[in-house]
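A closer look at the structure
The lines below spell out each chain.
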Amino acid sequence: GRQCLEIADPRGRLDAGTMGTMGVGLGYAIAAALSDPKSPVLAVLGDSAFGFSMAEIETITRYSLNVIVVVMDNGGVYGGDRRSDGMKAMVKAAGFGSEPPTALSGSYDQLMRAFGGEGSLVKSREGLGSSLRRALMAGKPALINCKIDPLSGSESARMNHMNHRSKL
């Protein structure tokens, strides 16, 4: 989020940073919603970070907080299962199961609906835009489960691509 979401207002974003603070986003969103109940709060989390604190969805819905959660669902930690088809077959044939422990597959939108909030599943930019507009208009707890390519993007802790190259 910090690389692509522009924030114009001072103190308009709480950022967990990198390295060791995964999963604090929903707690931050709850605090922000309680501090300014009239303003919507947008929490953008990866599916791995969401997994650390998804129980906070119950808190968000119980208190009808104006929080919109966008889960960037790339299939798990480090993009879920990035193994080659040959490696997957070899591991399965050895009896170790088909998915690594880093792979996640959740219907996070259904979780939000189970607690009484609005939940939507999107697989395109257009779908994300329309779901976000609906959530903003509803003014109630919402979660948008945004399925993305497991191989897209970079890990936030790997910032070398942003460093200027030395001319020496």
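Residues numbered from 1 in each chain as written. Predicted model: local features only at pLDDT ≥ 70, side-chain atom pairs only at ≥ 80, totals over all residues. Heavy atoms only, no water.

**Describing helix α1 (residues 25-35)**
Burial in α1 covers these residues: Leu26, Ala29, Ile30 and Ala33. The buried side chains of α1 occupy one side of the element, clustering within an arc of 100 degrees when seen end-on. Buried residues belonging to α1 abut β1 (41-46), α2 (47-53), α3 (56-62) and β2 (67-73). (Buried < 20%, exposed > 50% of the residue type's maximum accessible area, 1.4 Å probe, protein only. Helix = DSSP H or I, 4+ residues; strand = E, 2+ residues; numbered from the N terminus. Arc of directions from axis to C-beta. Contact = heavy atoms within 4.5 Å.)

**Description of the nonpolar core**
Grouped together as the largest cluster of nonpolar side chains are 18 residues, with contacts concentrated most on Leu26, Phe50, Ile57, Val67, Val69 and Leu143. Every element with two or more residues in this core is listed here: α1, β1, α2, α3, β2 and α5 (108-114). Element by element, the count of residues in this core is highest for α1, at four residues. Setting aside its immediate chain neighbours within four residues, Leu26 contacts Ala43, Leu45, Phe50, Ser53, Met54, Glu56, Ile57, Ile60 and Val69. Ranked by size, the runner-up nonpolar core spans seven residues in total, among them Val122, Ala142, Ile144 and Cys146. (Core = buried A, V, L, I, M, F, W, Y, C linked by side-chain atoms within 4.5 Å.)

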